[in-house]
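Here is how the chains run, residue by residue.
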Amino acid sequence: MLNKITAQIKKIMQSQLAIPLVALLLLVVFNLIRDPGFFSIAIKKNNFGNTVLSGNLISILNGASELVILSIGMTLITSATKGQDISIGAAAAIAGSVFVKILRANTITVGIILVALLAACIVAILFCLFNGVLIARFNIQPMIASLILYTAGRPIAYWINGGATPNVESPLLSYIGGFIPHIAVPTPIIAVVVFIILINLLLTKTTLGLYIQAVGINERAAKLNGINPVLMKMVVFVILGICVTLAGSINVCRIGLINHETILLDIEMDAILAVAIGGNSLGGGKFKLSGSILGAYIIQALTITLYAMKVSSTAVKAYKAIVIIAIVVIGSPVVKDWLKQLKVKLAGRSPAKVEAK
């Protein structure tokens, strides 16, 4: 039994998820030493008199909801285009503005919320496809192509609502951004779980996941095998449009207003880091969504940890940058090769013998 456990641990450590799992373990151990009750979960009554779960663990899972959704979209973009879209925060601002615009023009009901989500989704997809056309048709590097929307997206979001930062108030919206009555788990967590299941089914029960990876690994070979690279890139931007709509709408419902300047500010950087921390190559090709999802939760756990240590909000980004740089460097191919060579030397064997074995 012990041998099986050891073999399983060795297999995990050699897998793509080794770095994020080790990083998460270190965060857990550090917090348990610093504060044994850090991960405790309490049951309390909220302002509406409903029984809900609270605690740092719930805050991590809840607070990372938008980042998890956007990290999934960023993973697919990275895989297919061999680059990153830095305009997802701006696109989410546009989607959130359309969402708010429709809600404020009507009496808020379940039907109106669904209509607003659909309209926001269509608009977000169109803007994301603008990036997709530049990348797939004109072969512009993804980061450069998305720089246009990154620059213009938030002003467009500001223009949609007539140059204002309107608020929206409704119990139905508070249910989406907070808690549904008689359900103790925050609604954003439930939404993320449902979305992960749906996207996983889409990628594993169809050939879409395989085709996306094939295009990212070798576009010419994929084309020779009957895969349309342009179509695959357009598909991932459609999925990204859905992701930014969900993230933007959840954030609007969470805070009850749309502020084009602050909504999901710098979220694109965290999404890219989540992809990298998850062990996915930023050069495209094979991907593992579970790695990116884990990376997103690691980033949020690090943020909550720093706040719990009374680190000022202005200094949090600097501390996060230091830790994340360390994680990314440790997981880099150069360091992995160096560790492999070191292992060979410590074992007293030559690299040639190890390769032959």
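What counts, and at which threshold
Residues numbered from 1 in each chain as written. Predicted model: local features only at pLDDT ≥ 70, side-chain atom pairs only at ≥ 80, totals over all residues. Heavy atoms only, no water. Patch = residues over 30% accessible without salt bridge, like charges linked within 9 Å, V, L, I, M, F, W, Y side chains within 5 Å. Areas by Shrake-Rupley, 256 points an atom, 1.4 Å probe, with all protein chains shown as cover. Salt bridge = Lys/Arg side-chain N within 4 Å of Asp/Glu carboxyl O. Helix = DSSP H or I, 4+ residues; strand = E, 2+ residues; numbered from the N terminus. Buried < 20%, exposed > 50% of the residue type's maximum accessible area, 1.4 Å probe, protein only. Axes fitted to C-alpha atoms, helices over the stretch in contact; angles between N-to-C directions. Parallel < 35°, antiparallel > 145°, perpendicular 65-115°, else oblique. Left-handed = near helix turned anticlockwise from the far one by under 90°. Contact = heavy atoms within 4.5 Å. Nonpolar A, V, L, I, M, F, W, Y, C, P; charged D, E, K, R; others polar. Phe/Tyr/Trp six-rings, centres within 6.5 Å; stacked < 30°, edge-to-face > 60°. pLDDT = per-residue confidence, 0-100. Core = buried A, V, L, I, M, F, W, Y, C linked by side-chain atoms within 4.5 Å.

## Brief notes about a nonpolar patch on the surface
On the surface, Ile180, Ile183, Val185, Ile190, Val193, Val194, Ile197, Leu198 and Leu201 cluster together into a nonpolar patch covering about 680 Å² of accessible area. One can find Ile183 in the loop between helix H8 (171-177) and helix H9 (187-204). Overall, Ile183 belongs to the partly exposed group, its relative accessible area being 33%.

## What to know about the packing of helix H4 (residues 65-81) against H9
A pair of packed helices is captured by two measures, namely the crossing angle of their axes and the spacing between those axes. Put simply, H4 and H9 touch, their axes get as near as 9 Å, and they point 20° apart. Classed by the angle they form, the pair H4 and H9 counts as roughly parallel. The element H4 and its partner H9 pack so that their crossing is left-handed. Seen from H4, the contacting residues are Ser65, Val68, Ile69, Ile72 and Leu76; seen from H9, they are Pro188, Ile189, Val192, Phe195, Ile196, Ile199 and Leu203. Within the contact of H4 with H9, the residues separate by chemical class into 11 nonpolar, 1 polar and no charged.

## Topic: the packing of aromatic side chains
Tallied over the full model, the rule gives 1 aromatic pair. Plain terms: the ring middles of Phe38 and Phe39 are 4.8 Å apart, the flat faces sit at 85° to each other, and that makes the pair edge-to-face. Exposure remark for Phe38: the relative accessible area of 1% places this residue in the buried category.

## Digging into the pattern of salt bridges
Under the definition given, this model contains 3 salt bridges. Residue Lys233 pairs with Glu219 through a salt bridge whose shortest N-O separation is 2.9 Å. Remark: Glu219 occurs in helix H11 (residues 219-224) and Lys233 occurs in helix H12 (residues 229-255); sequence separation between them is 14 residues. Residue classification places Lys233 among the buried residues on the basis of a relative accessible area of 7%. The exposure class assigned to Glu219 is partly exposed, which follows from its relative accessible area of 33%.

## As for the environment of Ile180
As for its placement among the helices and strands, Ile180 is situated in the loop between H8 and H9. Sequence-wise, Ile180 and Pro333 are 153 residues apart; in three dimensions their C-alpha atoms are separated by 45 Å. Aside from chain neighbours lying at most four places away, what touches Ile180 is Tyr175 and Thr187.

## Looking at unusual backbone geometry
Excluding glycine, a negative phi dihedral is what most residues carry, and trans is how most peptide bonds are arranged. A positive phi is found at Leu264, a non-glycine position, where the angle reads about 50°. Counting through the fold element by element, Leu264 comes out in the loop between H12 and helix H13 (267-277). Assessed through its relative accessible area of 11%, Leu264 is described here as buried. Notably, Lys310 is not glycine yet its phi reads approximately 65°, a positive angle. Considering the arrangement of structural elements, one finds Lys310 in the loop between helix H14 (289-308) and helix H15 (313-330).

## A look at the confidence of the model for the protein chain
When pLDDT is averaged along the protein chain, the result is 89, and 93% of the positions lie at 70 or above. Mean pLDDT values for the elements of the protein chain range from 49 in helix H17 (residues 351-356) up to 97 in H4.

## Overview of the nonpolar core
Formed by 87 residues in total, the largest nonpolar core has its most connected members in Phe99, Leu103 and Val244. Setting aside residues no more than four positions away along its own chain, Phe99 makes contact with Ile113, Ala116, Leu117, Ala120, Leu173, Ser249, Val252 and Cys253.

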